[in-house]
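Given next are the chains, with one letter for each unit.
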Amino acid sequence: MPLKCLHNGEEIFAFNITDDAEWKQLKILNAAQKCLKMCCCSSTVVLRTSHLGTKHFAHSRRGECTTAPESVEHLLAKTTIVSGIRRTPWIAKVEQNGKTPSGDEWVADVMASLPGKKSAVFEVQWSRQTEHETRERQARYEVAGIRSMWFFRQHDFPVEKEVPAFRLCFNEKSKTFHVLIPSPFYSGHWIRHEDKDEPRYWQQSVELSRFVEGSLMGRLHFAPALNKRMPLEVFAASTTCWRCHRKTRIITSLVFTANKVLPGCPDINTSIYSFEELISDGASILMAMLPVDILKQHGIGKVKPRYSKTVGSTYLSNGCVHCDALQGRHFDHDVAYDEEMAFSVEVFFDETWASQLHVSRNDIYRWWFDDSF
C-alpha cells in the first residue's frame, strides 16, 4: 500500500491530492484508462483510503510482486513525516530506493533532501526489528552517504548518536503519533514489556511532524549539556566548627542544572571531593567557580586544599567561615540530610568532565529535543 505510483510514467504522491473530489476524478480516470502503474512492479493500480483517512495506492492484482504490504498506521506515519518536512526548506519524497557503492539496495520510507546538505531518511518500523537488523540497515545508509533516523513501535532499541532511534506511539482516538525520547532510567536491554509505558522511562513526548520538522532544523541534540553554560547549584548544610565552636556551613553537593537551560535534560550531580579527585586541575577550576566573597555571603567558608592529620594528606575541603579550620569530609554525611540549595553561579560544563566525573552515561549521553519553538 504505497503512497506513490506512476501516472503516464511520472511519479505522483497520494498526499498531494488533498481534495476528495480530485481523488474521485483520478479514480474515474484510472478505471477508464488504466493510466496508473505501481512503481515496484508496473502492476495496475487501485486508489483507496484507509480507515484512518490516509489516501494511498494498491495493486489491483498483486501477482508475483514481492513488495511487503504496510499497515495503515505505517502509511499514516509516513504521511505525517512528510507534513513535518514540508514545514522546512527540505524536499520530501517517499518510498525512495537506491544502492550503496557496493550494490546493496535500500528503500527509504521517507527521504528529505536539500541542496548542499546530506539527504536524510526517516524509517518507520511498525513491525519488530532486531538491533542487528537495525545496525545493518543503518550501515547501508551511512555507506551511501545518507543520514537516517528510526521510529520504532517496539519499546527496546539503542540510545546512541550513531543510531538515532526513538519510540513511536499512536493514539487511536486522535489518530496522532508522538515520538517518545528515552530518559536516564531507560535501558533498551533491561526494560520489560509490561513496564514499557511507565512515564519514568520517557523524558519527552513530541508530536511526530513537529519532531521531524525540528530535527531537520537543528533542534535535536545528543548529549546537549556538554560545552554548555548552565547554573551550578551549590547545596550546603550547617555544622559546628570543631575548633571555634561557632556555626558554619559546608558544601555538601554540587548540581550542574542542565534542566534549567535544556528542559527535560538530566542534571549532573557531583561533590567538591569528586571534582578535585577526578578532574585534571579540578581544585583550581572549582575554586574559581566558587569565589570566597560569594561563599562568605552564604555563611560558607573558603573551599581550598588543606592538610588533614586524620587522612594524612591534603585535599580540597570545606573550611570554617570564621576561623578557616578544615571541616573534615568524613563528617559530611552527618549533616547532609539537612542540606539546602544555598546559591547558584553560572558555569561552563566542559565536555571532558563527563567521562572524568564518572557520571552515569545515561545522565549525559541522551537525546534532547528543543521544543521551545
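Going by the structure above, here's the rest.
Residues numbered from 1 in each chain as written. Predicted model: local features only at pLDDT ≥ 70, side-chain atom pairs only at ≥ 80, totals over all residues. Heavy atoms only, no water.

Novice: What am I meant to see in the nonpolar core here?
Specialist: Nonpolar side chains in soluble globular proteins tend to end up buried together. Ranked by size, the top nonpolar core spans 39 residues in total, and within it Ile251, Phe256, Leu290 and Phe349 carry the most contacts. Put simply, the parts of the chain that give this core at least two residues each are β14 (228-240), β15 (247-256), α6 (272-278), α7 (282-289), β18 (313-319), β20 (340-349) and α10 (351-356). Here this core gets 5 residues from one element, more than from any other, and that element is β20. Phe256 has contacts with Met230, Pro231, Leu232, Asp267, Ile268, Thr270, Phe275, Val347, Phe349 and Trp353, leaving out every residue within four places of it along the chain. By size, the runner-up hydrophobic cluster in this structure holds 36 residues, among which are Trp90, Val94, Leu168 and Val212. (Core = buried A, V, L, I, M, F, W, Y, C linked by side-chain atoms within 4.5 Å. Buried < 20%, exposed > 50% of the residue type's maximum accessible area, 1.4 Å probe, protein only. Helix = DSSP H or I, 4+ residues; strand = E, 2+ residues; numbered from the N terminus. Contact = heavy atoms within 4.5 Å.)

Novice: How do you make sense of the side chain of Thr239 when you look at a structure like this?
Specialist: Relative to the helices and strands, Thr239 resides in strand β14. You can call Thr239 buried: its relative accessible area is 18%. Setting aside chain neighbours within four positions, we find Thr239 in contact with Arg246, Lys247, Thr248, Ile250, Gln327 and Val335.

Novice: Where do I start with the side chain of Glu233 in this structure?
Specialist: By secondary structure assignment, the location of Glu233 is in strand β14. A polar contact of 2.6 Å, which involves the side chain of Glu233, links it to the side chain of Lys260. Not counting chain neighbours up to four residues away, the residues in contact with Glu233 comprise Ser253, Leu254, Val255, Thr257, Lys260, Met341, Phe343 and Ser344. (Polar contact = N/O pair within 3.5 Å; in protein donor to acceptor, adjacent residues only side chain to side chain.)

Novice: I keep staring at the layout of surface pockets and nothing clicks. Help me out?
Specialist: Taken as a whole, the largest pocket encloses approximately 870 Å³ of empty space. Forming the boundary of the largest pocket are 31 residues, of which Thr67, Ala68, Glu70, Glu95 and Val107 lie nearest the centre. For the lining of the largest pocket, the leading source of residues is strand β7 (residues 105-113), giving 5 residues. (1 Å grid on protein atoms, 1.4 Å probe; cavity = no way out; pocket = protein on both sides within 12 Å on 5 of 7 lines; lining within 4 Å. Points joined across faces, edges and corners; volume = space filled by probe spheres on them.)

Novice: I'm lost on the sheet that holds strand β10 (residues 165-171) in this one. Help?
Specialist: Across a sheet, paired strands are connected by hydrogen bonds in the backbone, their directions being either parallel or antiparallel. The sheet built from 7 strands is open, its strands ordered β6-β7-β8-β9-β10-β11-β12 with mixed pairing. Each of the sheet's edge strands pairs with one partner strand only, and the pair in question is β6 (91-99) and β12 (202-207). Within the sheet, the average angular offset between the axes of one strand and its neighbour, ignoring direction, is 35°. With 3 bridges joining them, strand β9 (residues 147-152) and β10 adopt parallel strand pairing. When the bridges of β10 are listed, Phe151 appears paired with Phe166. Docked against the sheet, helix α2 (residues 72-85) engages β6, β7, β8 (120-125), β9, β10, β11 (176-182) and β12, running at close to 40° with respect to β7. Along the sheet, helix α3 (residues 131-143) contacts β7, β8 and β9; its crossing angle with β9, the most-contacted strand, is approximately 155°. (Pairing = 2+ DSSP bridges. Axes fitted to C-alpha atoms, helices over the stretch in contact; angles between N-to-C directions.)

Novice: Please clarify how unusual backbone geometry should be interpreted in this entry.
Specialist: For residues besides glycine, phi is generally negative; the peptide bonds are generally trans as well. Phi at Ser42 is positive, roughly 65°, even though this residue is not glycine. Within the fold, Ser42 resides in the loop between β3 (36-37) and β4 (45-49). Residue Ser42 is classed as exposed on the basis of its relative accessible area of 52%. Phi is positive for Asn227, which is not a glycine, with a value near 55°. Along the chain, Asn227 falls in the loop between β13 (220-222) and β14.

Novice: Help me out: how do you make sense of the packing of aromatic side chains in this one?
Specialist: Two aromatic rings are characterised by how far apart their centres lie and by the angle between their planes. One pass over the structure, following the stated rule, counts 23 aromatic pairs. Among the aromatic side chains, those forming a connected cluster through ring pairs are Phe122, Phe151, Phe166, Phe211, Phe222, Tyr365, Trp367 and Phe369. The side chain of Arg329 reaches across the aromatic face of Tyr273, ending 5.6 Å from its centre. The residue whose ring lies beneath Arg329 is Tyr315, and the NZ or CZ to ring-centre distance is 4.4 Å. (Phe/Tyr/Trp six-rings, centres within 6.5 Å; stacked < 30°, edge-to-face > 60°. Lys NZ or Arg CZ within 6 Å of the ring centre and 35° of its normal.)

Novice: I keep staring at the pattern of salt bridges and nothing clicks. Help me out?
Specialist: Should the charged atoms of two oppositely charged side chains come close, the side chains can pair. Applying the stated criterion to the full structure yields 22 salt bridges. Linking Lys4 and Glu11 is a salt bridge whose minimum nitrogen-to-oxygen distance equals 3.0 Å. Of the charged contacts, one joins Glu233 and Lys260 as a salt bridge, the two residues approaching to 2.6 Å between their closest N and O atoms. Residue Glu233 is found in strand β14, and its partner Lys260 is found in helix α5 (residues 258-261); the two are separated by 27 residues along the sequence. The exposure class assigned to Glu233 is buried, which follows from its relative accessible area of 12%. Through salt bridges that share partners, Glu70, Lys78 and Glu95 make up one connected network. (Salt bridge = Lys/Arg side-chain N within 4 Å of Asp/Glu carboxyl O.)

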